[in-house]
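Topology and contacts: notes
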Amino acid sequence: MEFPTFLFTLFFAAIIYVFFNNQRKKSKIPNGCIPLPGPTPLPIIGNLHQINNVPIQDFIDKFSNEYGPIFQVHYGAETWVILNDYEIVKDVLVKRSAIYSSRPYNDATTRVYFDGGKSIGFSPYGKYWRAMRAVSHQALTQKMVNINYRDIIHTEVKNLMIKFYNRSSESFNPTDDLRFFLINLSTTILFGQKSEKLSLQIEQMISEIAQILRPENGTIDKFPWLKYIPFVEKRLNRHAYKARDLARELFKHLLEDLRQKLKENENENSFAAHVLKNMNISSDIVSKPYEDSLENDDDELKKQFVFDEVDFMNLNNSFLIASAITSLNFFQWIWALLANYPEAQRKIQKELDECLQGNRFQTPQDDLKLPYLWATIKESLRCRTGSSTLMKHSTTKDDVYRGYYIPAKTTIMMSYKSAHTSEKLFERPNEFYPEHYLDENGQLKKYDDLRDPWTFGRGRRACVGQNLAERNLITTVGYALTLFNVENDYDSITGNPIKLDLKRVDKRQPYKVRFVPRPGVTLEKIMQMN
Ligand code: HEM
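Residues numbered from 1 in each chain as written. Predicted model: local features only at pLDDT ≥ 70, side-chain atom pairs only at ≥ 80, totals over all residues. Heavy atoms only, no water.

1. A look at the nonpolar core
One finds Phe 331, Trp 335 and Val 477 to be the most contacted residues of the largest nonpolar core, which totals 136 residues. The greatest single-element share of this core, amounting to 17 residues, is contributed by helix H16 (residues 309-340). Among residues more than four places away in sequence, those in contact with Trp 335 are Phe 164, Pro 174, Leu 178, Thr 476, Val 477, Ala 480, Val 486, Tyr 511, Val 513 and Phe 515. Ranked by size, the runner-up nonpolar core spans 17 residues in total, among them Phe 59, Val 73, Trp 80 and Leu 226. (Core = buried A, V, L, I, M, F, W, Y, C linked by side-chain atoms within 4.5 Å. Buried < 20%, exposed > 50% of the residue type's maximum accessible area, 1.4 Å probe, protein only. Helix = DSSP H or I, 4+ residues; strand = E, 2+ residues; numbered from the N terminus. Contact = heavy atoms within 4.5 Å.)

Have a look at this one:
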C-alpha cells in the first residue's frame, strides 16, 4: 500500500473507532445515572476547538458557569472530568480516595519517561504505588527532615543568602540563582553530592521534561492512533526520549557513586541511601506497575514488594523533579509578593528579631515563635499555586457520585481556585492577607482541611515531600528577611519604587527586586551566623 493511502486508511479507521467508541460510552451509562454535563464534543477532536490554547482556568470558569461544578470536556480521545467545588474535591480526594487516587496513563510521561509508570508520582494506584509510597514516606517524616536534612537546608540557604548579599547593590531577577540553589539542595539531600556539572545535567533534563508535564500537553493521548506511525511517535515524544536518556545516564552514575559511598561508610545519610537500604531491590525481577497493581491485592499487602534498579532510579528522579519544579514556582513568586507588601515583611522581621536577637538564624525549634512567617507562607501558597489544577488523578473503578456516572480510568482534574478564592472560606479571598491564618491572639490557627492551601493536595496522593518542602520554604524566607529588606526596583528618574504587576509575575514574566541588607548586616556577619 502507498504511504499516503496507508495514512488515509488509518485516519478513516480512527474516525470510525472514535465514533463507535463514543456511542459505546454513551450507551454504557447505568440506569438511573445522570450523564455528565459539558460542551458537546465533535468526532475525533472532542472539544479541542473550544479549549485548545485557552488557559485551563479560563475554560473551567466558563464551563462551570454553564454546566455547574462537575462537568466533562474531551481533549480529542481523552476525557477529563473537571471538579470545581472544594466540597466535591474534598469528597473525592479524602472520602472516596480509594477510587480517585490513581494517575492517568500518559504516553510521554508514563510510558516513555517513566518506563511504564515506574515511579511514585506517575504510577497507578495499587500495590506498586503503596510500596513506593511507604519507602518514600519513611525517608521524609518531619523527624527525618529535621534531623537529616535541616543542616543541608541551612548550608544551601546560607550560600544563597551570600549570593544575594553579593548582588545587593543591584536589582536583579533571582530565578537563575534560585534554580541552581534548588538543584544543589535536591542533589545534596538525595545523593549527598553537588557539583556544577551535575547541576547543568539536571538543569538540561528538567528543561526537557518540563516540556511534557503541562496537563494539556500530550498529542498522543489526544490522538492515540498517532503512536502507530513510527516517525510521528518519535517526533512527538522527542522531549520525553531526550529527558529519559539524560536521566538514565545521570542516575546510573549517581547509583554507582552511592554504592561506593555506602561501602566506605554505611551510615551515609542521604535520602537515596536511606531508600536503598529500605527498598527490596532485585536484579532478577522487572516490576510492571500496571500489572503489579491489579485490584484484589489485599492479601499481598504484607509481603514486601520487590523492586528493580529502574524503580529505584525513577523514584529518586521523581523527587528531583517534584522538588525542583514546584519549589521554584513558589520562590519565583514570593520575592515579588514581599516586595509589594513591605508591611508584611516588617511584621515578620519583628518576630524574627524578637526571637533571634539578630545574631543567629532560626531553627525548627523556633517555629512556634514565628506565626506571621508561617501565615505568610500559607497565604502566598493560597494566592498562587503555580498551576490551575492539581496533578491529574484517575479513577480505579466505576463510580456514581451525586448521581453522575464516572467510569473507571477517567481523568479527574481538580481546580484549586474553588477553595483558594472562596468567599465562604476567606474574609478577603482576592487579597494577600496573612491574617487569614492567624487567630485573634496572632497565633497560627490550627490546621483546617478546607482553608489551608490545597497546594500540596489532599488524601492518599497528597505531596509526600510536604515536610521537606515547607522546611525549605520557611527557612529560605526566614533567613532572607533576617538579613534583607526585599524591595521593588526604583524608577531611575523619579527614584520611586516600581510596584510589580503580580498578574504578570503569576504568568512567569521576569521581574527584578533588590535584596537590601538590613542595618548591621555584613558579609562577615552572615558567614559567622549559624
Ligand atoms: C513548594 C513545593 C511543593 C509543592 C507545591 C508540591 C505540590 C505537590 C502536589 C500538588 C502534588 C500532587 C498531589 C495530588 O496528586 O493530589 C505533589 C505530589 C508529589 N510531590 Fe510535591 N510539592 C512540593 C515539593 C515537593 C518536594 C520537595 C518533594 C520531594 C522531596 C515532592 C515530592 C512529591 C511526590 C513524590 C509526589 C507524588 C506523590 C504520589 O503520587 O503519591 N514534592 N506535590
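2. Some words on the site of the ligand
Lining the immediate surroundings of the ligand are 22 residues, of which Arg 103, Trp 129, His 393, Arg 461 and Cys 463 lie closest. The side chain of Arg 103 places a nitrogen or oxygen atom 2.8 Å from an oxygen atom of the ligand. In this structure, an oxygen atom belonging to the ligand sits 2.8 Å away from a side-chain N or O atom of His 393. Residue assignment for the shell around the ligand shows that the elements contributing at least two residues are helix H7 (127-139), H16 and helix H20 (466-483). (Near = heavy atom within 4 Å. Polar contact = N/O pair within 3.5 Å; in protein donor to acceptor, adjacent residues only side chain to side chain.)

3. Quick word on the domain arrangement of the chain
The assigned domain composition of the chain is domain 1 (1-31) and domain 2 (32-528). With centres defined by C-alpha atoms, the gap from domain 1 to domain 2 works out at 37 Å. (Domains from an automatic or database assignment.)

4. Here's the deal with helix H3 (residues 56-67)
With 12 residues, H3 should cover 16 Å at 1.5 Å per step; its first-to-last C-alpha distance of 16 Å lies within 8% of that length. The set of residues buried in H3 consists of Ile 56, Gln 57, Phe 59, Ile 60, Phe 63 and Ser 64. Buried residues of H3 fall within an arc of 160° about the axis and therefore sit on the same side. With respect to the buried face of H3, the exposed residues turned more than 90 degrees away are Asn 65 and Glu 66. At its buried positions, H3 is contacted by helix H2 (48-51), strand E1 (70-75), strand E2 (78-83) and helix H19 (417-420). Taken from the residues just after H3, Gly 68 is the one with a positive phi, measuring 100°. (Expected span 1.5 Å × (residues − 1). Arc of directions from axis to C-beta.)

5. What about the UniProt feature "coiled-coil region" (unreviewed entry) in the chain?
UniProt records the feature "coiled-coil region" (unreviewed entry) for residues 248-275 in the present numbering. With 79% helix and 0% strand, residues 248-275 has end C-alpha atoms that lie 18 Å from one another. (UniProt positions renumbered as here; feature names shortened; annotations may be inferred.)

6. Topic: the pairing of E2
Most of E2 sits inside the fold, with 6 of its 6 residues counted as buried. Of the two faces of E2, the one carrying Glu 78, Trp 80 and Ile 82 and the one carrying Thr 79, Val 81 and Leu 83 are both buried. Judged from the 6 bridges that link them, E1 and E2 form a sheet pairing that is antiparallel. Within the sheet, the bridge partner assigned to Tyr 75 lies in E2 and is Glu 78. Counting the residues between successive antiparallel strands, the hairpin from E1 to E2 contains 2 residues, one of them, Gly 76, with a positive phi of roughly 60°. (Pairing = 2+ DSSP bridges.)

7. Brief notes about the coordination of the iron atom of the ligand
Looking at the protein side alone, the iron atom of the ligand has one donor only, Cys 463 (SG), at 2.3 Å. By the secondary structure assignment, Cys 463 is in the loop between H19 and H20. (Donors = N, O, S within 2.8 Å, 3.2 Å for Na, K, Ca; no water.)

8. What to know about the UniProt feature "transmembrane region" (unreviewed entry) in the chain
Here the UniProt feature "transmembrane region" (unreviewed entry) sits at residues 6-22 and 319-338. With 100% helix and 0% strand, residues 319-338 has its two end C-alpha atoms placed 28 Å apart.

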